[in-house]
Amino acid sequence: MANPDGQSRPARNTSHHLVRRVLVGPALLGLGIATTFSGSAIAYTAGGTQALAVGAINAAATDTAAAQAAAARAESAELASRQVASRSAVSLAQGQKEERARAEAAARKAAAERKAKALKAKRLAAAHRWVMPIKHPNLTSRFGPRWGRLHAGLDFGAPVGTSLFAMSSGVVTKAGNGGGYGNKIEITYWDGTVSYFAHMSEIDVKVGQQVRPGTYVGKSGNTGQSTGPHLHLEMHPKGGDPVDPMAWLQKHGVKIG
Ligand SMILES: [Zn+2]
């Protein structure tokens with residue numbers, strides 16, 4: 001680039017300077033160049049290094065900041081995760097606890113239901129059992145044709161005043177004078193079977209009274225058409241025609257004597 005005075009020193013000088021430096025003092029220059037270059041290189045290197053270092057520092061700083069931020073985020077995330085995990089663990093533990101409580105409650109309920117059901121079945125079985133109407137029965141006449149007509153029941157000889165008992169659970173449906181039956185009670189049981197107790201000396205129940213197996217109902221006697229003190233027993237399934245009480249009792253697991 002030419003100056004107004006025609007000189008182009010900067011270029012020449014620069015060139016000369018460079019040539020001189022190169023030619024005149026090669027060793028020195030070499031050293032200088034070396035130094036210069038070295039210095040430059042060092043400077044460059046240093047600068048670069050510095051720049052790099054700065055960059056690195058900056059990068060490192062940035063990285064550090066980023067890392068710190070990332071670490072903070074990670075820590076935060078981890079904390080949140082821990083909290084979630086903790087909450088999840090608590091929630092899970094709570095859930096398991098509730099589940100266990102529900103299972104235990106269900107088990108208790110089921111056990112109580114089984115117990116109640118078993119108790120109900122036991123009570124029902126007890127209520128539905130059948131027993132003899134008289135203790136120490138002395139069978140004197142069976143069911144069947146007798147004196148030209150049907151003897152519709154069993155006769156059990158017994159002293160007047162022998163206690164009589166309901167044969168199962170039911171209700172007294174008749175109680176009073178039964179004509180040829182004398183004093184008679186009818187009990188309608190839970191399965192619809194109706195029993196007649198005839199020739200009684202004493203009736204100690206009233207119509208509508210609930211009875212259970214073995215409930216005392218009155219005393220045997222010799223009232224009505226009777227040839228001697230005894231209990232005349234008839235069984236009427238579903239309140240219909242009389243059947244042989246012997247077969248009926250056997251069928252219902254009741255032992256006579
Ligand atoms: Zn009879």
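All of these numbers come straight from a predicted model, not from anything done at the bench.

Examining the UniProt feature "coiled-coil region" (unreviewed entry) in the protein chain
- Residues annotated by UniProt as "coiled-coil region" (unreviewed entry) correspond here to residues 93-122.
- Secondary structure content for residues 93-122 is 100% helix and 0% strand, and the end C-alpha separation is 42 Å.

A short note on the coordination of the zinc ion
- Bound to the zinc ion are the protein donor atoms His151 (NE2), Asp155 (OD) and His232 (ND1), situated 1.9 to 2.3 Å from the metal.
- Read N to C, the donor residues that coordinate the zinc ion are spaced as H-x3-D-x76-H.

Looking at the side chain of His232
- Its place among the elements puts His232 in strand E11 (residues 230-236).
- Residue class for His232 comes out buried when judged on its relative accessible area of 6%.
- Here the side chain of His232 touches Glu234 through a polar contact of 2.7 Å, side chain to side chain.
- What His232 contacts, discounting residues up to four positions off in sequence, is His151, Gly153, Leu154, Asp155, Tyr181, Tyr196, Phe197, Ala198 and His199.

Digging into the packing of aromatic side chains
- Under the counting rule described, the total for this entry stands at five aromatic pairs.
- Seen from their ring centres, Trp130 and Trp190 are 6.1 Å apart, and the 40° between their planes marks the pair as tilted. Here Trp130 is found in the loop between helix H2 (26-127) and strand E1 (139-141), whereas its partner Trp190 is found in the loop between strand E7 (183-189) and strand E8 (194-203), with 60 residues between them in sequence.
- A relative accessible area of 11% places Trp130 in the buried class.

A word on unusual backbone geometry
- Positive phi, normally seen in glycine, also occurs at Trp147, with a value near 50°.
- The topology assignment puts Trp147 in the loop between strand E2 (144-146) and strand E3 (149-151).
- Under the relative-accessibility criterion, Trp147 is labelled exposed at 71%.
- Located in the positive-phi region is Lys238, a residue other than glycine, with phi close to 55°.
- If you trace the backbone, Lys238 turns up in the loop between E11 and helix H3 (245-251).
- The exposure class assigned to Lys238 is exposed, which follows from its relative accessible area of 69%.

A look at the pairing of strand E10 (residues 216-220)
- Where strand E5 (residues 163-165) and E10 come together, three bridges link them in antiparallel fashion. The residue bridging Ser163 from the neighbouring strand is Lys219, located in E10.
- As defined by bridge partners, E8 adjoins E10 across three bridges and the pair is classed as antiparallel. Within E10, the residue paired with Glu202 across the bridge is Lys219.

Brief notes about the pattern of salt bridges
- Within this structure, the stated rule accounts for five salt bridges.
- Glu99 is paired through a salt bridge with Arg102; the nearest N and O atoms lie 2.8 Å apart. With Glu99 and Arg102 both in helix H2, this residue pair falls three residues apart, about one helical turn.
- Classification of Glu99 by relative accessible area gives partly exposed; the value is 46%.
- Between Asp155 and Arg146 there is a salt bridge, with the nearest N and O atoms lying 3.2 Å from each other.
- What makes Asp155 buried here is its relative accessible area of 5%.
- A relative accessible area of 24% places Arg146 in the partly exposed class.
- Taken together, the shared-partner salt bridges connect Lys174, Lys184 and Glu186 into one network.

A look at the environment of Phe143
- Relative to the elements of secondary structure, Phe143 occurs in the loop between E1 and E2.
- Here Phe143 falls in the partly exposed class, since its relative accessible area comes to 25%.
- Spatially, the C-alpha atom of Phe143 lies 5.4 Å from that of Asp244, the residues being 101 residues apart in sequence.

Scoring rules and cut-offs
- Residues numbered from 1 in each chain as written.
- Predicted model: local features only at pLDDT ≥ 70, side-chain atom pairs only at ≥ 80, totals over all residues.
- Heavy atoms only, no water.
- UniProt positions renumbered as here; feature names shortened; annotations may be inferred.
- Helix = DSSP H or I, 4+ residues; strand = E, 2+ residues; numbered from the N terminus.
- Donors = N, O, S within 2.8 Å, 3.2 Å for Na, K, Ca; no water.
- Buried < 20%, exposed > 50% of the residue type's maximum accessible area, 1.4 Å probe, protein only.
- Polar contact = N/O pair within 3.5 Å; in protein donor to acceptor, adjacent residues only side chain to side chain.
- Contact = heavy atoms within 4.5 Å.
- Phe/Tyr/Trp six-rings, centres within 6.5 Å; stacked < 30°, edge-to-face > 60°.
- Pairing = 2+ DSSP bridges.
- Salt bridge = Lys/Arg side-chain N within 4 Å of Asp/Glu carboxyl O.

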